[in-house]
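Geometric and topological summary
These are the residues of each chain, in order.
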Amino acid sequence: MSSRLNKNQIERFSRQIILKKIGISGQKKIIDSKVLIIGMGGLGCPASEFLVRAGVGFLGIIDSDKVEISNIHRQSLYDTSDLKKFKVIAAKKKLKKINTKTKIVCHKIRLNRNNFNKILEKYDYVVDGSDNFKTKFLLNQFANKLKKIFIVGAISKYDGHIFSFNFKRNNEACLKCFYQSEVNEEVLNCETDGILGPVAAIVGNIQANEVLKCVLGLKNELTNKILIINLLNLTFRRTRFSKKKNCICGKK
């Protein structure tokens, strides 16, 4: 764990250190944490921003795309000066202005079966900000295999879904337990279905919140549950689902 916090750190993080469930020891845990974010779009931007603001010490960000004008309405780290720049490079520049002490590693790639293991094994917490189920299911498979804590977000129109999996525990269900049948890739297509910008911001921030809770060892209220939000009707509900015997997470 990190050594004693200096005066600047105590002042910077004073508003969360004062919380009884955090304190100095909790802040040290946050500083020592290693988080990987896949996808620096509508979810990855707010998630990475607030993890850096909270003091996460080591952050990996993955994306192979460049900033486009249609991204800016919901991808909060970018502005028009970032157009045509690689997202991870633009994001790192903004994040370092927020917290110079966070070590940020850019992975300007698209994850696939050949590079998952090498990258994921370096991190304790994996945040899914991807925009397709093929990537989400691959992340689910490798996070389960490597016993990582895996925070998933999905958005479309006015809706958001959030999952929090701790694969260090044997009784944990996984993403495939919920999505047992084949999922239509068009479900997460913002280009055709649209997305309200604040939906992405709220879901990404909830993902950051779940990471911090896991780092601090706080109770996971999403164990074997999904949080479903709808910002048009302002509804938030948790729905339970069970671990499936024939699922990948049940195989030894």
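Residues numbered from 1 in each chain as written. Predicted model: local features only at pLDDT ≥ 70, side-chain atom pairs only at ≥ 80, totals over all residues. Heavy atoms only, no water.

**Observations regarding the nonpolar core**
Quick note on the threshold: Put simply, a nonpolar core is a bunch of buried Ala, Val, Leu, Ile, Met, Phe, Trp, Tyr and Cys residues held in one set by side-chain atoms that sit within 4.5 Å of each other. Between buried and exposed lies partly exposed: a residue is buried under 20% and exposed over 50% of the maximum accessible area for its type, with that area taken using a 1.4 Å probe on protein chains only. The secondary structure listing takes helices from DSSP runs of H or I that are at least 4 residues long and strands from runs of E that are at least 2 residues long, numbered from the N terminus. By the convention used here, residues are in contact when the closest approach between their heavy atoms is within 4.5 Å.
Among the nonpolar cores identified, the biggest contains 32 residues, and Val35 and Ile37 are the most heavily contacted of them. Breaking this core down by element, the ones donating at least two residues are strand S1 (34-38), helix H4 (44-54), strand S2 (58-62), helix H5 (87-98), strand S4 (125-128), strand S5 (149-156) and helix H10 (197-216). The element that contributes the greatest number of residues to this core is H10, accounting for 6 residues. Discounting residues that sit within four places of it in the chain, Ile37 has contacts with Gly44, Ala47, Ser48, Leu51, Leu59, Gly60, Ile61, Ile62 and Val127. Membership of the second largest hydrophobic core comes to 31 residues, among which are Leu36, Tyr123, Phe133 and Cys249.

**Regarding the sheet that holds strand S3 (residues 103-107)**
This is how the line gets drawn: Only strands joined by at least two bridges in the DSSP assignment are considered to pair. Fitted lines through C-alpha atoms serve as axes, helices being fitted only where they are in contact, and the angles separating the N-to-C directions of these axes extend from 0 to 180 degrees.
Pairing is mixed across the open sheet formed by 8 strands, whose spatial order is S3-S2-S1-S4-S5-S6-S7-S8. Only two strands of the sheet have a single neighbouring strand rather than two, namely S3 and strand S8 (235-240). Going across the sheet, the axis of each strand differs from the next one's by a mean of 15°, ignoring polarity. Relative to S2, S1 runs parallel, the two being bridged by 5 bridges. Its bridge partner being in S2, Leu36 is matched across the sheet by Gly60. Sheet contacts for H10: S1, S4, S5, strand S6 (159-166) and strand S7 (225-230); angle to S5, the most-contacted strand, approximately 170°.

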